[in-house]
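Listed below, chain by chain, are the residues.
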Amino acid sequence: MSTWIPESASNLAASVDNITLFVTIVSVFFFVLISAVLVAFSIKYRRKSEDQETAYITHNPVIETIWTIIPTILLMVIFAWGWIAFKELRNPPAEAIEVNVVAKQWLWEFEYFTGKKSLNELFVQQNKPVRLIMRSDDVIHSFFVPQFRVKQDILPGSYQQLWFTPTKVGTFDLLCAEYCGSGHSKMLAKVNVLSPEAFARWEKGDELEDGPALAAISVSPVERGKDLYSQRGCLACHSVDGKEVIGPTFKNLYGKTEKLADGSSVLVDENYLRESIYEPQAKMVAGYAPTMPSFKGILSEDEVTALIEYIKTLK
Amino acid sequence: MANGVMTQTQHIPYLAQKGLKSWILTTDHKRIGILYLVTISFFFMIAGLTALGMRYELMTPELDFFRTATEYNVAFTLHGSLMVFFFIVPGIAASFGNFLIPLMIGARDVAFPRINLLSFWIYLVGTAILLSALAQPADTGWTFYTPYSIQTGTKVIMITLGVFVLGFSSILTGMNFIVTIHKLRAPGMTWSRLPLFIWASYATAILQLLATPVVGITLLLLIAERAFDIGFFDPAKGGDPILFQNFFWFYSHPAVYIMVIPAFGIISEIIPVFARKPIFGYKAIAYSSFAIAIISFFVWLHHMFVSGISETAAAIFSFLTMLVAIPTAVKVFNWTATLYKGSIDFHSSMLYALSFIVLFTVGGLTGVYLGALAVDVHLHDTYFIVAHMHYVMIGGTVMGFFGALHFWYQKWFGKVFDELTAKIAWFLIFVGFNVTFFPQFFMGFQGMPRRYATYPEEYISYHALSTYGSWILGLGVLIMTVNLLIPLWKEGRPESSNPYGSLSLEWQVPSPPPHENFDEIPTVTDWTYAYGKK
Ligand code: HEM
Ligand SMILES: [Cu+2]
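Residues numbered from 1 in each chain as written. Chains lettered and ligands numbered in written order. Predicted model: local features only at pLDDT ≥ 70, side-chain atom pairs only at ≥ 80, totals over all residues. Heavy atoms only, no water.

Attention now moves to the overall build of chain A. A count of helical and extended segments in chain A gives 7 helices and 12 strands. What you see for chain A is a C-alpha radius of gyration of 27 Å, clearly larger than the 20 Å of a compact globule of 315 residues, by over 25%. In terms of overall dimensions, chain A has a C-alpha envelope of 90 × 55 × 40 Å along the principal axes. Each of the 315 residues in chain A was classed as buried or not, and the buried ones make up 47%. A separation of at least 24 residues holds for 60% of the contacts in chain A among residues at least 6 apart in sequence. Per element, the accessible surface of chain A, about 14,700 Å² overall, is 59% carbon and sulfur. (Helix = DSSP H or I, 4+ residues; strand = E, 2+ residues; numbered from the N terminus. Rg over C-alpha atoms; globule rule 2.2 N^0.38 Å. Buried < 20%, exposed > 50% of the residue type's maximum accessible area, 1.4 Å probe, protein only. Contact = heavy atoms within 4.5 Å. Areas by Shrake-Rupley, 256 points an atom, 1.4 Å probe, with all protein chains shown as cover.)

In structure tokens form, the structure reads like this:
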């Protein structure tokens, strides 16, 4: 990764980068020009004596015209170029594969046309255009993958689309770019760009050879639970160090007696934890809003077990 | 030459009267200017401290300074809304505008001195409402985007109500200045002889008058939606979230020029005096302020290129945004050209003016990145935006403000500050500012989103550097402030009432000026910038 601009990993990145480069050349030129002239004048015309004579120059139509026209031309070029590339960004090809995206405080859900679902991880195939059809369940979010140079706000109450063709196999950060509340900076996900073979395997439901799921199996349930805690977005609302975020902290949670909203209380054991993940609103802890989504169909029984094992270690 | 020959008979400085009543009931534009100056500086300090807290938090990726992300979010909301609505929008226009406009055009006061005092009182009511909101502040960001601002559990109504009330102060001040400039110019002070600060104040006043009502109404609708559940902006209630953004930016883009055009005026006053040269391209500078003011009403959609607006709308507004950049560029060339064949004195205020040129150029050029559609898609809502807006608002407006403080200090307060200390403070501010904000351009390119309480590891070095810079900047501002405060408690008077040899009318009266400004209304025979050998 260079210091200037992130790696480019989509078909759209090149044209954005070219314009950026052009604007940068123009900007550096004018910046250096202004600064150099300013410094040169400052040195040359510094006040050497009190009665130093100065010239009475008020304006100069020729030079004023020149320095109006040149920036105008450059700005029009930048405008036109930016617009042309923008058209490309906005118009997906007909053959693009559709993925439904739901953004909500503070996680990402993806639904593929095969009916498969995934959470906080988008799976796409290398060199195949994808079109995301996105809606929000609550406030405005924004889909942003720096390596793809794409961004689109996601609104409640309407669909927004965005498309790209991933060109490099790998895992890229998906960031929420529109401020959406306390979990905003944790509303992160991954885009997994798979080779055609790996993608076919993933579609069939096989575990990925070198994908995250398989890698996770070879580790202990506690470690797997720890990974799931961050990958599946629990961390946006539950801390592991005792801090109050949006939901109750996981620290010292296991074995504790929770006061519920209806006045009763419950001992936190494996069953309570499992129920709280699959049916979060079944037993509401007093003092919290019913904002947690159900993870039914998103986390497997195995994964829930791993999470519970992890939570048990948080003392 | 501006005919400033005045008989300096016995006069009582406007500061002579003491006591609370002499301040809170004053209709003297110079005193009202001071009242504004004190209040906006107070908010500048509070909001600045909040910013230091945010930067401290961002030294490391995880939360460590604030206890929760919400606390951080409240901090940037306070920082942004205080800086924008309580400091920089009233800012130079209300403080220096009040002090300078009557003096520069040869008048005894503004056209409606009592309305002027009323404006200040409304401003105070607004600040009082805001301060009462500080106990439980909002976490929406200064942009109050819906539907988040409707759904959040934090208190949004008081802070927006405060901003709403402030709007009236802004409108009244704008109206007052327009009438003053039209009606109270001294004999011979024709439009083509007017100091450029007056032109700038006029353009600003038009923006205040026409744009502010829109934000007022918008915030009122937001309050109504929160208080009475009426669906204007929340789709869950049948509203439209994009409507809010349209309304908001319809005001807030012109507002960025309310912030910066007065600083254009300041720079156009300082540079000719310390270069002893006529301002280069007087007409171009004067008219371009108006061009900018007018075009700036038609570019607001550039804040919404990825909000889900139509492609055609995006194209039109990108085009218009590029148009705004032209008069902006022309001004920068004009200021630079003014130095040519001059006799340049590097007074602290001149140092601020020169840094304005350099930093504002960076701000303007990075605006062009954001105006280019496809590039903005990548940069929108990243730290690139944060850097851009701080280059124009600190590098531009605040440099102009500090420059003005140093330039008119003697005139306004009748005291003298230590010039060497002022230069040291300027140096720290210049360096600190760049160290703080320049890395943010790169961070933004890399994809670091704004308004993140925590962030991925990879951005740590940029963030750390930026935080170190904020300490240098903070130290510079501290030294500057102390240096400007100390003389106020000391005896001593300026040796001359016109130490820098300015031709502008305000320098032809004693420092500090008498209550009535001029013994006799002067007659002007030449323009304000007749420096140099004809
Ligand atoms: C050459 C002149 C300028 C151009 C072309 C320009 C362009 C832009 C554009 C296109 C954006 C929106 C970017 C985005 O949200 O994706 C923006 C943001 C901004 N600009 Fe400028 N700008 C210019 C000068 C200024 C000036 C003079 C000021 C203020 C004194 C200013 C203050 C701001 C602020 C505060 C924002 C960010 C608002 C927010 O989202 O919080 N700009 N600028
Ligand atoms: Cu704007």
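Turning next to the site of ligand 1. All names here are of chain B. Around ligand 1, the structure places 22 residues, and the nearest of them are Trp-142, Asp-376, His-380, His-388 and Arg-450. In the environment of ligand 1, an oxygen atom lies 3.1 Å from a nitrogen or oxygen atom belonging to the side chain of Trp-142. Within the side chain of His-380, one N or O atom sits 2.6 Å away from an oxygen atom of ligand 1. Counting only elements with at least two residues in the shell around ligand 1, the list comes to helix 9 (241-275), helix 11 (311-338), helix 12 (348-371) and helix 14 (383-413). Class assignment of the residues belonging to the shell around ligand 1 gives a composition of 12 nonpolar, 8 polar and 2 charged. (Near = heavy atom within 4 Å. Polar contact = N/O pair within 3.5 Å; in protein donor to acceptor, adjacent residues only side chain to side chain. Nonpolar A, V, L, I, M, F, W, Y, C, P; charged D, E, K, R; others polar.)

This brings us to the coordination of the iron atom of ligand 1. All names here are of chain B. Coordination of the iron atom of ligand 1 by the protein involves just one donor, His-388 (NE2), at a distance of 2.2 Å. The copper ion (ligand 2) is placed at 4.6 Å from the iron atom of ligand 1. Positionally, His-388 belongs in helix 14. (Donors = N, O, S within 2.8 Å, 3.2 Å for Na, K, Ca; no water.)

A word on a positive patch on the surface. Taken together, the side chains of Lys-44, Arg-46 and Lys-48 of chain A together with Lys-341 of chain B define a basic patch exposed on the protein surface. Tracing the sequence through the fold places Lys-341 of chain B in the loop between helix 11 and helix 12. When its relative accessible area of 38% is taken as the criterion, Lys-341 of chain B is described as partly exposed. (Patch = residues over 30% accessible without salt bridge, like charges linked within 9 Å, V, L, I, M, F, W, Y side chains within 5 Å. Salt bridge = Lys/Arg side-chain N within 4 Å of Asp/Glu carboxyl O. Lys, Arg positive; Asp, Glu negative; His and termini not counted. Charge placed at Lys NZ, Arg CZ, Asp CG, Glu CD.)

Residues and elements named next belong to chain A. Spatially, 5 strands are ordered 3-2-1-5-8 in an open sheet, and the strand pairing comes out mixed. Only two strands of the sheet have a single partner each, and these edge strands are strand 3 (117-119) and strand 8 (160-164). On average, each strand axis in the sheet is inclined to that of its neighbour by 25°, with strand direction left out of account. As paired strands, strand 1 (residues 97-104) and strand 2 (residues 107-112) are joined by 6 bridges and run antiparallel to one another. Counterpart to Asn-100 in the pairing with strand 2 is Glu-111. (Pairing = 2+ DSSP bridges. Axes fitted to C-alpha atoms, helices over the stretch in contact; angles between N-to-C directions.)

Another point: the sheet that holds strand 4 (residues 121-125) of chain A. Where strands meet in a sheet, backbone hydrogen bonds hold them as pairs that are either parallel or antiparallel. Residues and elements named next belong to chain A. Across the sheet, 5 strands lie side by side as 4-10-9-6-7; this open sheet has mixed pairing. Strands at the two margins of the open sheet, each flanked by one partner only, are strand 4 and strand 7 (150-154). On average, adjacent strands in this sheet sit at an angle of 25° to one another, irrespective of strand direction. Note that strand 9 (residues 170-176) and strand 10 (residues 188-194) share 6 bridges and pair antiparallel. Bridge assignment links Leu-175 to a residue of strand 10, and that residue is Leu-188.

All names here are of chain A. Locating Pro-293 in the fold gives a position in the loop between helix 6 (270-278) and helix 7 (301-313). Distance from Pro-293 to Asp-137, taken between C-alpha atoms, is 11 Å for residues 156 residues apart in sequence. Beyond its immediate sequence surroundings of up to four residues, Pro-293 is in contact with Lys-104, Leu-107, Ile-277 and Pro-280.

Each partner contributes to the interface: chain B provides 97 residues, whereas chain A provides 81 residues. Of the roughly 7,600 Å² buried at the junction of chain B and chain A (both faces included), carbon and sulfur atoms supply 65%. On inspection of chain B and its partner chain A, the count reaches 5 salt bridges. The salt bridge involving Glu-311 of chain B is made with Lys-87 of chain A; its shortest N-O contact spans 3.9 Å. Along the contact surface separating chain B from chain A lie 25 residue pairs in polar contact (both at pLDDT 80 or more). (Buried area = accessible area lost by both parts, 1.4 Å probe.)

Our next topic: helix 7 of chain A. All names here are of chain A. For helix 7, with 13 residues, the first-to-last C-alpha span of 19 Å sits near the 18 Å given by 1.5 Å per residue. Taken as a whole, helix 7 has its buried residues at Glu-303, Val-304, Ala-306, Leu-307, Ile-308, Tyr-310 and Ile-311. Close packing links the buried residues of helix 7 with helix 5 (221-231) and helix 6. (Expected span 1.5 Å × (residues − 1).)

This paragraph deals with the coordination of the copper ion (ligand 2). Residues and elements named next belong to chain B. Every protein donor of the copper ion (ligand 2) is accounted for by His-253 (ND1), His-302 (NE2) and His-303 (NE2), and the metal-donor separations fall at 1.8 to 2.1 Å. Linear spacing of the donor residues for the copper ion (ligand 2) on their chain is H-x48-H-H. Its relative accessible area of 14% is what places His-302 among the buried residues.

This brings us to the pairing of strand 10 of chain A. Residues and elements named next belong to chain A. Across the 7 residues of strand 10, 5 count as buried, placing the element largely inside the fold. Pairing analysis gives 5 bridges linking strand 4 to strand 10, with the strands arranged parallel. Bridge pairing in strand 10 links Phe-123 to Asn-192.

Before going further, it helps to spend a moment on unusual backbone geometry. For residues besides glycine, phi is generally negative; the peptide bonds are generally trans as well. In this model, Gln-105 of chain A is joined to Trp-106 of chain A through a cis peptide bond whose omega is 0°. Tracing the backbone through its elements, the reader meets Trp-106 of chain A in the loop between strand 1 and strand 2. Here the amide bond leading from Ser-511 of chain B into Pro-512 of chain B is cis, since omega sits at -10°, within 30 degrees of zero. Along the chain, Pro-512 of chain B falls in the segment after helix 16 (460-485). We note that Asp-381 of chain B has phi near 55°; this positive angle belongs to a residue other than glycine. Of note, Asp-381 of chain B is situated in the loop between helix 13 (373-379) and helix 14. Here the phi dihedral of Arg-451 of chain B falls at roughly 60°; this positive angle occurs in a residue that is not glycine. Look at Arg-451 of chain B and you get buried, because its relative accessible area is 12%.

With that settled, the discussion passes to the confidence of the model for chain A. Keep in mind that low pLDDT regions are not for reading the predicted coordinates in detail. Here chain A shows a mean pLDDT of 88. Residues at 70 or above account for 95%. Throughout residues 213-217 of chain A the model reports pLDDT below 50, and contacts reaching past four residues in sequence, or to other chains, amount to 7 contacts. (pLDDT = per-residue confidence, 0-100.)

Residue and element names in this part refer to chain B. Here the structure, examined in full by the defined rule, presents 87 aromatic pairs over all chains. Taking 5.6 Å as the distance between ring centres and 75° as the angle between the ring planes, the aromatic pair formed by Phe-87 and Phe-401 counts as edge-to-face. Here the residue Phe-87 occupies a position in helix 3 (residues 69-88), and Phe-401 occupies one in helix 14, the gap between them amounting to 314 residues. The exposure classification of Phe-87 matches that of Phe-401, with both residues buried. Ring centres 5.2 Å apart and planes at 80° place the aromatic pair Tyr-409 and Phe-417 in the edge-to-face group. Residue classification places Tyr-409 among the buried positions, given a relative accessible area of 2%. (Phe/Tyr/Trp six-rings, centres within 6.5 Å; stacked < 30°, edge-to-face > 60°.)

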